[in-house]
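Residues per chain are reported as follows:
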Amino acid sequence: MALSGGTIWSMEIKSQLQSLVAQAAGVSEAEVNIEHPEVEERGDFSTNIALVLGGGIKKAQEIASKLQADFIEKVETAGPGFINFKLKPEVLVNQMGTVSQIDQIGKGKTWLIEHTSPNPNKAMHLGHLRNNLTGMAIANIWEAVGTTVIRDDVDNNRGIAIAKLMWGYKKFGQNQTLVDLKLRPDRFVDQLYVTASEEFEKSEEVQKEIKQMVVDWEAEDKATRELWEKVLQFSYAGQEMTLQRLGNKWDKVWHEHEHYQQGKDLVKLGLEKGIFRKAENGTILTDLEKYHLPDTVVIKSDGTALYITQDLALTKLKRETFHPDRLHWCIGPEQGLALQQVFAVCEQLGIGKREDYVHIAYGYMSIKGKGKMSSRTGNVVYIDDLLDAAVEKAREFNADPQIAEKVGVGAVKYSVLKVGRLQDTAFDVDESVSLEGNSGPYLQYTYARTFSILAKAAEKVELATYHKAAKTALNPEELALLRWIYRYSETVGEAAVRLAPNLVGNFLYELAQRYNTFYNKHSILSAETAETKEFRLALTQAVGDVLESGLTLLGISVLEHM
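None of the values given here were measured: they were computed from a predicted structure. (Residues numbered from 1 in each chain as written. Predicted model: local features only at pLDDT ≥ 70, side-chain atom pairs only at ≥ 80, totals over all residues. Heavy atoms only, no water.)

Turning our attention to the sheet that holds strand β2 (residues 45-47). Pairing is antiparallel across the open sheet formed by four strands, whose spatial order is β1-β2-β4-β3. Each end of this open sheet is capped by a strand with a single partner; those strands are β1 (34-35) and β3 (72-78). Here β1 pairs with β2 via two bridges, running antiparallel. Along β2, the bridge assignment pairs isoleucine 34 with threonine 47. Most of the contacts of helix α3 (residues 56-64) go to β3, to which it runs at about 165°, and overall it touches β3 and β4 (82-87). (Pairing = 2+ DSSP bridges. Helix = DSSP H or I, 4+ residues; strand = E, 2+ residues; numbered from the N terminus. Contact = heavy atoms within 4.5 Å. Axes fitted to C-alpha atoms, helices over the stretch in contact; angles between N-to-C directions.)

If you want it as structure tokens, here you go:
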């Protein structure tokens, strides 16, 4: 059996091995699992079909004796019944032209992901950072596997939190200017919100005034609306400064004030249909007993809406506007119950099925050595302060401001994304900006090394048509690279399915380590023969292509020089 081309190389190998094993074992292809052995020296692929069939090592040997293909160098049995396959070195060499291509397993799907959605009553902090980086990376990975992705954001620009900000500006901010205060607009907003929150906790009179602002806003009181518009502009201006540094992308921004009334209309309709129930004080509540979820308020006793009210309308709008196959919310774990309630009520109202909706949660982020943070009390770490600290650290090895910015921001991004999505993490600026170890700058430096070598060679190898290896046997470091690099496509596919950007980061780190080991042991530009030089340049180019592709998926800039 020979490789036919037309699909991504590693996926085709798996498919053909699956077919070979199925024929030899007398089972269907669906029953055959092909994976990579945990110990790489045992082979490139492995199957446990003999164990599944209950035949152990004897069954494995029987099946192995029937397995032949022109791309297989060796078939061996191991342990209680595993069958391991080693691919011919020339086959590994020939796959370099496809290493940065990614199998389109998501083609034909349209997925929507809401991410970041910073409330306009505060400057963006660490919680927003992990949300943004996680949502953006997952969206990039989905697009890489062929999925049509819509990135959206909801601007929760009304309600009690915004009323606190409005009250704070009215009491403390009207006679102050940003120039006098030497503050960014979002930091100004943050101070007003924190001060107002403190006063809200201490005074019933303040509580009454702020709550009345919410009622007046919904009644479209002119003065209240003008104040609302003014304070929001401060917040938006500051947020945009941060989002630009992060390379943020949204295809659609929904503003709560534009659709919250539709949410109230949906509640009214649901009440008429018996989906909701009304308490004696006028509060309207859900009825989620059959979903084994606690009930929640959808309209308060004073007739005003809550987050869930607008979430119902917004979900309906998303479906009607983009017709996605699946909707995702990249939001912190503390919102898990609230989202499950939204999903259940949407199903009750006929706005899709609960399985159409996915909560992409993520772990908490902190700064090494700091305690729990709260935006309400002002005990937070702002995104821009964190980025500034990383950029300043990057200046120690490159004073160029543009390079330092890309290295520092990339370091922060990688330190967040290399960790499992649900794992809590504490940011360490020294570790993140290091040129050694599992860091963004290490990967950027490795890419710059590949670029520099190819530039010095002043020649470009056409990987798509490259089918030549060195005449001499490939050395262990070259084989180690070849046996890792072809897994890139399947790694990206797994990251897409598992919503796990860290799989891409960890793959790139292993690739960079293998390449630098190879680089330190073997000459490339002064190789012993012209053919060996050409092969090593091709290998260098393949590594650079994969590093560029993977770093781009994580939103990290590649650099030609460090």
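Position of asparagine 84 among the secondary structure elements: in strand β4. A polar side-chain atom of asparagine 84 sits 2.9 Å from a polar atom in the side chain of serine 46. (Polar contact = N/O pair within 3.5 Å; in protein donor to acceptor, adjacent residues only side chain to side chain.)

On to the sheet that holds strand β7 (residues 252-255). Within a sheet, adjacent strands bond to each other through the backbone by hydrogen bonds, running parallel or antiparallel. Taken in spatial order, the five strands make up an open sheet running β7-β6-β5-β11-β12, and their pairing is parallel. If you trace the sheet from one side to the other, it starts and ends with β7 and β12 (357-360), each paired once. On average, each strand axis in the sheet is tilted by 25° relative to the strand beside it, whichever way the strands run. Here strand β11 (residues 326-330) pairs with β12 via four bridges, running parallel. Residue leucine 327 lies in a different strand from β12, and its bridge partner there is tyrosine 357. The sheet strands contacting helix α5 (residues 126-144) are β5 (110-115), β6 (148-155), β11 and β12, and the helix crosses β5 at an angle near 170°.

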